[in-house]
Amino acid sequence: MTQPLKERRTKAGDRVLQVRDLEVTFPSEAGPVRAVRGLSFDLMAGETMAIVGESGSGKSVTSLAIMGLHPPTTRISGSIKLHDTELLGTTDEAMSKLRGRDLAMVFQDPLSALTPVYTIGDQIVEAIQTHYDVTRAAATERAIDLLNLVGIPNPKQRVKSFPFEFSGGMRQRAMIAMAIANDPDVIIADEPTTALDVTIQAQVLEVLKKAQQETGAAIIMITHDLGVVAGMSERVTVMYAGRPVEQGTVDDIFYRPRMPYTIGLLGTVPRLDRSNEGALPVLEGNPPSVVNLAPGCPFAARCPMVIDVCRTIEPDLASTEEPNHVAACHRLAEVIAGDLGHADIYPIPELAASDLAEVPRDQRPVVIELDDLKRHYPLMKGAIFRRRIGTVYAVDGIDLELREGETLGLVGESGCGKSTTLLEILNLGKPTAGTISVLGTDTSTLDRRGRKQLRRNLQVVFQDPMASLDPRLPVFDIIAEPMGVFGYKKEVIQQRVGDLLTLVGLEPAHANRYPQHFSGGQRQRIGIARALSLEPKVMVLDEPVSALDVSIQAGVINLLDDLKGKLGLSYLFVAHDLAVVRHISDRIAVMYLGKIVEIGEVEEVYNAPVHPYTQALMSAIPIPDPQTERTRERIMLSGDLPSPADPPSGCKFRTRCPLYQTLSESDQQRCRDVVPELRSFGVDHKAACHYGRARHLI
């Protein structure tokens, strides 16, 4: 790599950033929005500090205040010092000289952060030449070295590419390359892996660690993923309602949390290394509005340990038994003395037991069956005279069955064919090849009337509840609409809407409100109530909790588990979070480029995955346990998913397979020439790999 552009002013352990009593307030029609209240911390060179909390806690507002990116109407007080230079009150011109040179930021959405009309190389070169007097040739050479450092293949060619020509993971790597181009002292990473597949997330986090080693920069990691925090950070600040409520080392926060909010937040997270042990603890309620905050502790309304003083006086941060570990709670001494955990503070909800629990799986009726399902799309070219130039093999021959009272998890990277499989089932039509059977009916034989009648037994819950609910309709009309289509009487609809709202944990009195008046978790519950309105037998769940905070996610997961027991539902559950899938699923199917590469009972697959792709997925999921994250084995995949329009011959995974690299030439030839078939590795466990071996990774 080229030489650093500047001499570093600090060495490891020196303080590079000091924040004291930071207050950030926005004007609004409802009153002042106190987004950050009294935040203080020190950041040392070479250190990673995480800021965690639910949406609206003030994490991103803090990062923008440090970068000086808030609008002029924002009132900011306190102190932010970079080395010994005070940043608050600095002119925008002076901040522009620091941004990109001493302070850098990696944004959540790289496609929005990169300029689409300039090449990646041009944007990195501009970032360098803005701050240093170097020739374009020298800056371009450094840009190529930076792209090589962050793992972008063929950097000499890709430096001339535009952002839209990069995949999501490559764009995020390019953002990191731009952030470290001028050897900054502080890098702020604001949810840098939220929108990425787990395999790409693991690669990006490794790139961030490598960039930190190369530059010696301090990192502020803003994230809601507690597994990422456990693996990346040395220190953690937990925020709630704009205020820090606990600060300490990563071991203090994860193994000795002392604030009930922190304890609850950690307890609600499904873990990859733990089997389904019933319901998850739930943080009831939602964070308060930071406009006209009520007196007392902001967490009081949700805290099981609340006492009278909590409602009148907001607690200050106080020292715990560990040095540099502070927490804000009036009952801190009791929490420390009792070493209280989430099981001591938060009651575990009781879930309804299913009548089918004791019935062997092979004796239950099949509700969805896919036999050699294929969905191919023509690849066309031309605007006026269109011609076919190829085929997109979106789903390329899969066999699946879902039985009554069962949850089947369908997992894989973006582009593997999960959503296409769901759409084929929901369409109730004829696929390119193979058959789809729903509740014993071949969907290709259905007429319009038959399709409508079958649809009442097959309902869907989408990923984004706000996008899937009509904002113009009150909740009553949203839930009642399907029943009106199927001719339910008005008095039945009236009664059933109230019953459904109660069933999903909402107030029937709120039926006249609109979707925008509800939180994200409540909107998802409304979507579930609508799906249940016709008393379906099968529900398709497309990433139903991925857009929710972890605390809200736990409540929705418990609700789905409880409804399955009460109503005998069957779920086809699509998700990218394998920890959530393990908690809620009975069986799991892993897809790669339109094929199922591993399938079986969830505990068998998780405890001893066979296919190298499944093993890589398992190892990429971060676990919210610092000690486990420091010692566990990682299997890194190289490159991105191949195009489904031009899949590799033989085994489709061989181009990224770490096992393939270790095989002899004759064995590699078999992988290139022969498509592997699913073969048994247990009672209910199959994998499609010529040379797969079970591995215990968790």
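For the structure itself, look to the data block above.
Conventions and cut-offs
Counting restarts for each chain: residues are numbered from 1 in the order of the written sequence. For a predicted model such as this one, the threshold for reporting local features is a pLDDT of at least 70, and the threshold for listing and counting side-chain atom pairs is 80 or more; totals across whole chains, interfaces and linings nevertheless cover every residue. Hydrogens and water are ignored here; the side-chain numbers use all heavy atoms of the structure. Salt bridges are defined by distance alone: a side-chain nitrogen of Lys or Arg within 4 Å of a carboxyl oxygen of Asp or Glu. A helix here means a DSSP run of H or I that spans at least four residues, while a strand means a run of E at least two residues long, and both kinds are numbered starting from the N terminus. Only protein chains enter the accessibility calculation, which uses a 1.4 Å probe; a residue is then buried when its area is under 20% of its type maximum, exposed when over 50%, and partly exposed in between. Paired strands, as defined in this entry, are two strands with at least two bridges between them according to DSSP. For helices, the fitted axis covers only the stretch in contact; all axes are lines through C-alpha atoms, and the angles between them, taken along N-to-C directions, range from 0 to 180 degrees. With respect to orientation, any angle under 35 degrees is reported as roughly parallel, any angle over 145 as roughly antiparallel, any angle of 65 to 115 as roughly perpendicular, and every other angle as oblique. Two helices cross in a left-handed way if the nearer one is turned anticlockwise from the farther one by less than a right angle. They cross in a right-handed way if the turn is clockwise. Whether two residues are in contact is decided by their heavy atoms, any of which lying within 4.5 Å being enough. Charged residues are taken to be Asp, Glu, Lys and Arg, nonpolar residues to be Ala, Val, Leu, Ile, Met, Phe, Trp, Tyr, Cys and Pro, and polar residues to be all remaining types, Gly included. Residue count minus one, scaled by 1.5 Å, sets the expected span of a helix.

Colleague: Provide a residue-level description of the pattern of salt bridges, including the pertinent values.
Modeller: In this structure the tally under the stated criterion is 38 salt bridges. Note that R258 is salt-bridged to D339, the shortest N-O span being 3.0 Å. Note that R258 is positioned in the loop between α10 (250-255) and α11 (260-267) and D339 in the loop between α12 (332-338) and α13 (342-345), a separation of 81 residues in sequence. The buried category is assigned to R258, whose relative accessible area is 3%. The salt bridge partner of E401 is R361, with a shortest N-O separation of 3.5 Å. Here E401 is found in strand β14 (residues 387-403), whereas its partner R361 is found in the loop between α13 and β13 (366-381), with 40 residues between them in sequence. A residue is classified by how much of its surface remains accessible, and E401, at 23% relative accessible area, is partly exposed.

Colleague: Could you give an account of the sheet that holds strand β19 (residues 538-542), naming the residues involved and the relevant values?
Modeller: The strand order across the open sheet formed by 8 strands is β18-β19-β20-β15-β21-β22-β24-β23, and the pairing between neighbours is mixed. With partners counted over all chains shown, the strands left at the sheet margins are β18 (458-461) and β23 (679-682), one partner each. When strand polarity is set aside, the average angle formed by the axes of neighbouring strands in this sheet is 20 degrees. Note: strand β21 (residues 587-592) against strand β22 (residues 595-601), 6 bridges, orientation antiparallel.

Colleague: For the packing of helix α19 (residues 520-532) against helix α20 (residues 550-567), give the residues involved together with the corresponding values.
Modeller: The description of two packed helices rests on the angle between their axes and on the distance between the axes. One can describe the packing of α19 onto α20 by two numbers: an axis separation of 10 Å at closest approach and a directional angle of 20 degrees. Of the possible angle classes, the one that applies to α19 and α20 is roughly parallel. In the crossing of α19 with α20, the sense of the turn from one axis to the other is right-handed. Listed contacts from α20 to G521, Q524, R525, I528 and L532 of α19 are I552, G555, V556, L559, L560, L563 and L567. Considered class by class, the residues forming the contact of α19 with α20 number 8 nonpolar, 3 polar and 1 charged.

Colleague: So what about unusual backbone geometry? Which residues, and what values?
Modeller: Positive phi, close to 50 degrees, is recorded for E191, a residue that is not glycine. Looking at the element boundaries, E191 is found in the loop between β7 (186-190) and α8 (198-215). The exposure class assigned to E191 is buried, which follows from its relative accessible area of 10%. Positive phi, normally seen in glycine, also occurs at L593, with a value near 50 degrees. Note on placement: L593 falls in the loop between β21 and β22.

Colleague: Mind laying out helix α5 (residues 136-149), listing which residues take part and the relevant values?
Modeller: The terminal C-alpha atoms of α5 lie 20 Å apart, and with 14 residues this matches the ideal 20 Å at 1.5 Å per residue to within 8%. Three or more residues of α5 are buried, namely A139, R142, A143, I144, L146, L147 and L149. Each element contacted by the buried residues of α5 is listed here: α4 (120-129), α6 (155-158), α7 (168-179) and α8.

Colleague: So what's going on with the sheet that holds strand β8 (residues 218-222)? Which residues, and what values?
Modeller: Read across the open sheet, the 8 strands follow the order β6-β7-β8-β3-β9-β10-β12-β11; overall the sheet is mixed. In this open sheet, the two strands that pair with only one neighbour each are β6 (103-106) and β11 (318-319). As defined by bridge partners, strand β9 (residues 235-240) adjoins strand β10 (residues 243-249) across 6 bridges and the pair is classed as antiparallel. Among the inter-strand pairings, M239 is bridged to a residue of β10, identified as P244. Of the strands in this sheet, β3 (48-52), β6, β7, β8 and β9 touch helix α1 (residues 59-67), which is tilted by about 145 degrees from β6.

Colleague: Outline the pairing of β22, listing residues and values.
Modeller: The buried fraction of β22 amounts to 5 of the 7 residues, a majority that puts the element mostly inside the structure. Connecting the antiparallel pair β21 and β22 is a turn made up of 2 residues, with L593 showing a positive phi of about 50 degrees. Pairing of β22 with strand β24 (residues 685-687) involves 3 bridges; the strand directions are antiparallel. Following the sheet pairing, E598 is matched in β24 by A687.

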